[in-house]
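Here is how the chains run, residue by residue.
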Amino acid sequence: MHVPDGFLDGPTSVATAGVAAVAVAAALRGARRELDDRTAPLAGLVAVFVFAAQMINFPVGAGTSGHLMGGVLAAVLVGPWTATLALTVVLIVQALAFADGGLTALGTNITLIAVVAVWIGYAVVRLVQSARPQSRRLIPVAAAIGALVSVPAAALAFTGLWAVGGAAPIDLGLLASTMIGWHTLIGIGEAVITFLAVSAVLGARPDIVHAARHLTQQRPLEVRTTAEASS
Amino acid sequence: MGAPHGHPLHYHGHSVLHRTPVHAKLIGLLAFVSVIVLTPGGYLLAFAAYGVIVAALVVVSHVPARYVLGRLWPVVPFVGVAMLLPFIATGERIDVGAVSLAVEGLRGGLTLLLKVLLAATSAVLFAATTEPRELVRALDQLRLPQPLVQILSFMLRYLEVVSDEVRRMSIALASRGFRARSPKHWPVLARTMGALFIRSYERGERVHLAMVSRGYTGRMPMQHASASAREWGTVAVVPVLAALVLLIAVLLPIGRLP
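What counts and what doesn't
- Residues numbered from 1 in each chain as written.
- Chains lettered and ligands numbered in written order.
- Predicted model: local features only at pLDDT ≥ 70, side-chain atom pairs only at ≥ 80, totals over all residues.
- Heavy atoms only, no water.
- Helix = DSSP H or I, 4+ residues; strand = E, 2+ residues; numbered from the N terminus.
- Rg over C-alpha atoms; globule rule 2.2 N^0.38 Å.
- Areas by Shrake-Rupley, 256 points an atom, 1.4 Å probe, with all protein chains shown as cover.
- Lys, Arg positive; Asp, Glu negative; His and termini not counted.
- Charge placed at Lys NZ, Arg CZ, Asp CG, Glu CD.
- Contact = heavy atoms within 4.5 Å.
- Buried area = accessible area lost by both parts, 1.4 Å probe.
- Salt bridge = Lys/Arg side-chain N within 4 Å of Asp/Glu carboxyl O.
- Polar contact = N/O pair within 3.5 Å; in protein donor to acceptor, adjacent residues only side chain to side chain.
- Nonpolar A, V, L, I, M, F, W, Y, C, P; charged D, E, K, R; others polar.
- Pairing = 2+ DSSP bridges.
- Patch = residues over 30% accessible without salt bridge, like charges linked within 9 Å, V, L, I, M, F, W, Y side chains within 5 Å.
- Buried < 20%, exposed > 50% of the residue type's maximum accessible area, 1.4 Å probe, protein only.
- Phe/Tyr/Trp six-rings, centres within 6.5 Å; stacked < 30°, edge-to-face > 60°.
- Axes fitted to C-alpha atoms, helices over the stretch in contact; angles between N-to-C directions.
- Parallel < 35°, antiparallel > 145°, perpendicular 65-115°, else oblique.
- Left-handed = near helix turned anticlockwise from the far one by under 90°.
- Domains from an automatic or database assignment.
- pLDDT = per-residue confidence, 0-100.

Draft legend 1. The overall build of chain B, seen in detail. Along chain B, the regular secondary structure elements total 10 helices and two strands. Counting from the amino terminus, chain B carries its helices and strands in the arrangement α-α-α-α-α-β-β-α-α-α-α-α. Taking 258 residues into account, the globule formula puts the C-alpha radius of gyration at 18 Å, and chain B, at 23 Å, lies well above it. Accessible surface computed for chain B: about 13300 Å², of which carbon and sulfur atoms make up 66%. Here chain B contributes 25 positive and 12 negative side-chain charges, whose respective centroids are spaced 5 Å apart.

Structure follows, in structure tokens:
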């Protein structure tokens, strides 16, 4: 669910757009380190993956279902900088081509989902991983805990923004507790799906999982621009 | 991908809205939505005027109203939130029948409802009259950082390829008798997601190699559309009208909630 136009007032929207612009500029530099010249095609396909993964509905029961946000999943799989870029692009496309999420709220949505959820989640992942850095089995667990924290963290950030520039005054304690309670439930779903999906990728292609990079021997592809002389 | 093909997000047509250069149209949309967002709460007459403008745009675009309504679903949860505000907001309360409603919540909720619907309808119209390819070109022209433009163009180019992949995977599951009914089916779905990631990632690697071998250096040549002064003038009509409405609404104390 993305914040639509009119939810937050003008100054708050402009301020979050500024935060988003700075974060995305930093991510553009950071992603070059994660992916070098493969940045554009790979981040593009990761963005498509996040978008398509959100199309998979997970039944909760009683006729309702939910889908993944995917911030922490992307951060664990391809690294946080690339995840920020991919989610930013997903949000831009959703706002401009699907009218999902407001145009003036684009900065807010990028800040909440591509920055707060991704980075707080990723920080938690690293923290959990630091307990046993050499353990491969810990990675899906760390990813799940990161995903669990990331959703209520984004909800809390939204509560903070509402306190500054919301459309109507609401008791902030009530809003915060409702938002955190509800989003912790969503976070549990996010955690389970992230755990299972990271396990699946680790089982098949551990070499492409960013969080497991230090565990597998890297054999980087060498691109030769000039043909070698044949002897 | 070589053959021309329609796009499910785009409603094909030849109206003024379809023909307007996309970068100009995007600026116009941003300006119009900004005016809507900046309008103070409770200015009902101003919102009614915006509603007339949006309705006129729908008529001019030749996009059927049913199609526009059908694409408004992403805002439905927020319409719910707007309707809740009178009950949960703090401050002075009034009694309507047996229920007590917050005055600020009523004003805020109604304003929010109108803003969300007006802005979302405008955005749907923009999306429906704009081809995704043109959108990338427009963002490039508006100086979105080059790497972002590239990522965006890759995303839009492969959106349908990967969406089809998801569809094929779910058909494959269904044809083997799988039906997701409860959380105990999540492992299957999540493994599908893992497989989808690997397929997407490997496709990214293949695309990158194919492009490098054809001389890709990190930039795609893009031809920019140009907008004439007349076209900019056409685009400006909507936000300028809206801004006039807002100005009048601020100056004249009519059509406002108390």
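Additional details are given in the paragraphs that follow.
Draft legend 2. Local environment of the interface of chain B and chain A. Contacts between the two partners involve 69 residues from chain B and, on the opposite side, 66 residues from chain A. When the buried surface of chain B facing chain A is broken down by residue, W186, M193 and F197 of chain B rank first, second and third, together holding 13% of it. One can count one salt bridge joining chain B with chain A. We note a salt bridge from R205 of chain A to E202 of chain B, for which the minimum N-O separation is 2.4 Å. Taken together, the connections running from chain B to chain A amount to four residue pairs in polar contact (both at pLDDT 80 or more). With 19 residues, the top contributor of residues to the side of chain B that touches chain A is helix α9 (residues 186-212) of chain B. Of the residues belonging to the side of chain B that touches chain A, the class tally is 50 nonpolar, 11 polar and eight charged.

Draft legend 3. Highlighting the pairing of strand β2 (residues 99-102) of chain B. Residues and elements named next belong to chain B. As defined by bridge partners, strand β1 (residues 93-96) adjoins β2 across four bridges and the pair is classed as antiparallel. Note on β2: the bridge partner recorded for V96 is V99. Between the end of β1 and the start of β2, which pair antiparallel, lie two residues, with G97 showing a positive phi angle near 65 degrees.

Draft legend 4. A look at a nonpolar patch on the surface. Residues and elements named next belong to chain A. Among the surface-exposed residues, I120, V141, I145, L148, V149, W182, L185, I186, I188, V192 and F195 lie close enough to one another that they form a single nonpolar patch of about 870 Å² accessible area. Of all the secondary-structure elements, those providing two or more residues to the nonpolar patch are α6 (138-165) and α7 (172-204). The element contributing the most residues to the nonpolar patch is α7, with six residues. Its relative accessible area of 34% is what places I145 among the partly exposed residues.

Draft legend 5. Region of interest: the packing of aromatic side chains. Residues and elements named next belong to chain A. Counting across every chain of the model gives 12 aromatic pairs over all chains. Considering the side-chain rings of F7 and W162, the 5.6 Å spacing of their centres and the 65 degrees angle between planes classify their relative orientation as edge-to-face. Here F7, found in the segment before α1 (10-35), pairs with W162, found in helix α6; they are 155 residues apart in sequence, far enough to count as distant. Of the two residues, F7 and W162, neither departs from the other in class, the shared state being buried. When the ring of F158 is compared with that of W162, the centres are 6.2 Å apart and the planes differ by 50 degrees; the resulting orientation is tilted. Taken together, the residues span about one helical turn, with F158 and W162 both in helix α6 at a distance of four residues. The exposure class of F158 is buried, given its relative accessible area of 11%.

Draft legend 6. Representation of the pattern of salt bridges in the model. This model, assessed by the stated rule, comprises eight salt bridges over all chains. For the salt bridge of D207 of chain A with R205 of chain A, the shortest nitrogen-to-oxygen distance reads 3.0 Å. Given the relative accessible area of 19%, R205 of chain A is considered buried. Each of R205 and D207 of chain A together with E202 of chain B takes part in a single network of salt bridges with overlapping partners.

Draft legend 7. Here's a closer look at the packing of helix α3 (residues 71-78) of chain A against α7 of chain A. Residue and element names in this part refer to chain A. Packing of α3 against α7 leaves a shortest axis separation of 9 Å and a crossing angle of 25 degrees. If you check the angle between α3 and α7, you find them roughly parallel. Judged by the twist between their axes, the crossing of α3 over α7 is right-handed. Of the residues in α7, those in contact with G71, L73, V76 and L77 of α3 are E190, T194, A197, V198 and V201.

Draft legend 8. Local environment of the domain arrangement of chain B. Splitting chain B by domain gives domain 1 (16-135 + 226-251) and domain 2 (145-212). A separation of 34 Å is found between the C-alpha centroids of domain 1 of chain B and domain 2 of chain B.

Draft legend 9. Layout of the confidence of the model for chain B. Residue and element names in this part refer to chain B. On average, residues of chain B score 86 in pLDDT, and 97% of them reach the 70 mark or higher. In the model, residues 1-6 has pLDDT below 50 throughout and makes four contacts with residues more than four positions away in sequence or in other chains. Scored by ipTM, the complex comes to 0.88, with pTM at 0.89.

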